[in-house]
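Residue strings, one per chain:
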Amino acid sequence: MQPRTLELNTWSSEKKCRAVVAALTKKHFTAVYCATAQEAADYILKQAETAQSVGFGGSLSVADLKITSGLAAQGKEILNHGFPDLTPEQRVAIMKRQQTCDLFLSGTNAVTLDGCLVNIDGNGNRVAAMIYGPSKVIVVAGRNKIVEGDLADAIKRIKDKSAPPNAMRLGKQTPCASTGFCSDCDAPQRICHITTIIDSKPTLTDFHVLVVNEDMGL
Ligand code: SF4
């Protein structure tokens with residue numbers, strides 16, 4: 001991309017990111033604009049200082065921040081069910097522990113301009129921990145997750161751009177994992193069982209949303 005085009009695109013997406021931050025703030029989230037993914041990583045490491053246990057919801061946006069080693073160096077208990085070589089029983093045990101961890105980290109499948117976080121899950125462990133349980137939740141939302149429309153548009157974004165490549169990434173036997181398109185399947189390994197809309201800050205959770213002016217995750 002030419003430098004001037006890049007500059008204009010960055011300017012435009014910053015305006016949208018800041019509009020989302022304003023909408024989230026109005027809904028009592030701690031919403032923060034981050035110009036870069038590195039700013040988001042630094043923010044999380046700072047917020048994690050008082051946490052003993054840190055849960056990872058399985059988000060590519062969070063994985064791309066590469067903060068696990070920094071958190072481990074701080075002596076945190078890392079609760080990541082995506083670590084390789086875990087047995088199914090170990091994975092489930094970690095997902096249950098995530099529900100009561102001190103700090104839970106997640107991406108979001110979509111965030112609307114008026115500040116709703118919209119997600120679709122297969123197991124529900126990720127969305128459950130976003131809503132209630134952990135003392136603090138930090139959601140990382142790249143600019144590509146912003147939806148300029150209503151909740152139906154947010155769900156459409158997830159079914160168009162997020163769920164099929166995630167199904168493929170996770171090795172699921174679903175139609176979308178081979179075609180790239182959602183066919184609203186009834187496959188046993190369907191990853192779209194639960195749809196959540198976090199409309200404003202859950203009462204008992206210290207809830208932060210980092211809106212990042214970079215594309216992050218799916
Ligand atoms: S409903 Fe089925 S086909 Fe559609 S995105 Fe979800 S898993 Fe894929």
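In the block above lies the structure referred to throughout.
Rules behind the numbers
- Residues numbered from 1 in each chain as written.
- Predicted model: local features only at pLDDT ≥ 70, side-chain atom pairs only at ≥ 80, totals over all residues.
- Heavy atoms only, no water.
- Helix = DSSP H or I, 4+ residues; strand = E, 2+ residues; numbered from the N terminus.
- Expected span 1.5 Å × (residues − 1).
- Bend = angle between axes of the 7 residues up to and from the residue.
- Buried < 20%, exposed > 50% of the residue type's maximum accessible area, 1.4 Å probe, protein only.
- Contact = heavy atoms within 4.5 Å.
- Polar contact = N/O pair within 3.5 Å; in protein donor to acceptor, adjacent residues only side chain to side chain.
- Near = heavy atom within 4 Å.
- 1 Å grid on protein atoms, 1.4 Å probe; cavity = no way out; pocket = protein on both sides within 12 Å on 5 of 7 lines; lining within 4 Å.
- Sits in = over half its atoms within 2 Å of the grid points.
- Nonpolar A, V, L, I, M, F, W, Y, C, P; charged D, E, K, R; others polar.
- Salt bridge = Lys/Arg side-chain N within 4 Å of Asp/Glu carboxyl O.
- Pairing = 2+ DSSP bridges.
- Axes fitted to C-alpha atoms, helices over the stretch in contact; angles between N-to-C directions.
- Points joined across faces, edges and corners; volume = space filled by probe spheres on them.

Q: Is there a simple way to explain helix H7 (residues 151-169) in this structure?
A: Between its terminal C-alpha atoms H7 stretches 25 Å, which fits the 27 Å expected from 19 residues at 1.5 Å a residue. Of all the bends in H7, the largest measures some 40° and sits at Ser162, one to four residues before the proline Pro164. Residues of H7 that are buried include every one of Ala154, Arg157, Ile158, Lys159, Ser162, Ala163, Pro164, Asn166 and Ala167, and no others. Buried positions along H7 lie against strand E5 (110-112), strand E6 (117-121), strand E8 (146-147) and helix H8 (175-179). Structurally, the start of H7 carries an N-cap: the backbone nitrogen of Ala152 is 3.2 Å from a side-chain oxygen of Asp150. Gly171, located one to two residues past H7, shows a positive phi value of around 70°.

Q: Where do I start with the environment of Thr174 in this structure?
A: Examined against the element boundaries, Thr174 turns out to sit in the loop between H7 and H8. A sequence separation of 134 residues divides Thr174 from Ala40, and the C-alpha atoms of the two residues are 33 Å apart. Setting aside its immediate chain neighbours within four residues, Thr174 contacts Ala167, Ala187, Gln189 and Arg190.

Q: What is the right way to look at the site of the ligand in this model?
A: Around the ligand, the structure places Ala163, Thr174, Cys176, Cys182, Ser183, Asp184, Cys185, Arg190, Ile191 and Cys192. According to the grid-proximity analysis, the pocket containing the ligand is the largest cavity. Looking at the shell around the ligand, its residues break down into six nonpolar, two polar and two charged.

Q: Would you explain the pattern of salt bridges in this entry?
A: Working definition: two side chains of opposite charge can pair if their charged atoms are close together. According to the stated counting rule, one finds ten salt bridges in the structure shown. With a shortest N-O distance of 2.8 Å, Arg126 and Asp121 are connected by a salt bridge. Each member of the pair, Arg126 together with Asp121, is buried. For Asp215, the salt bridge goes to Arg143, with nearest N and O atoms at 3.1 Å. With Asp215 in the segment after strand E10 (206-212) and Arg143 in the loop between strand E7 (136-142) and E8, this residue pair connects regions lying 72 residues apart in the sequence.

Q: Explain the sheet that holds strand E9 (residues 194-198) to me, please; I cannot follow it from the model alone.
A: Where strands meet in a sheet, backbone hydrogen bonds hold them as pairs that are either parallel or antiparallel. Reading across the sheet, the four strands line up as E8-E5-E6-E9 and stay open at both edges, with mixed pairing between neighbours. Looking at strand neighbours, the two that pair on one side only are E8 and E9, the edges of this open sheet. The pairing of E5 with E6 spans two bridges and is antiparallel. Within E6, the residue paired with Ala110 across the bridge is Val118. The strands touched by H7 are E5, E6, E8 and E9; relative to E6, the strand with the most contacts, the crossing angle is about 40°.

Q: Explain empty space enclosed by the protein to me, please; I cannot follow it from the model alone.
A: Empty pockets left among the atoms are what a rolling probe the size of a water molecule brings to light. Inspection of the entire model under this criterion finds one cavity of 30 Å³ or more. Roughly 100 Å³ of volume is contained in the largest cavity. For the largest cavity, the lining is made up of 13 residues, of which Cys176, Cys182, Ser183, Cys185 and Cys192 are closest to its centre. Every element with two or more residues in the lining of the largest cavity is listed here: H7 and H8. For the lining of the largest cavity, a count of residues per class yields eight nonpolar, two polar and three charged.

This is a description of form; function is not addressed.
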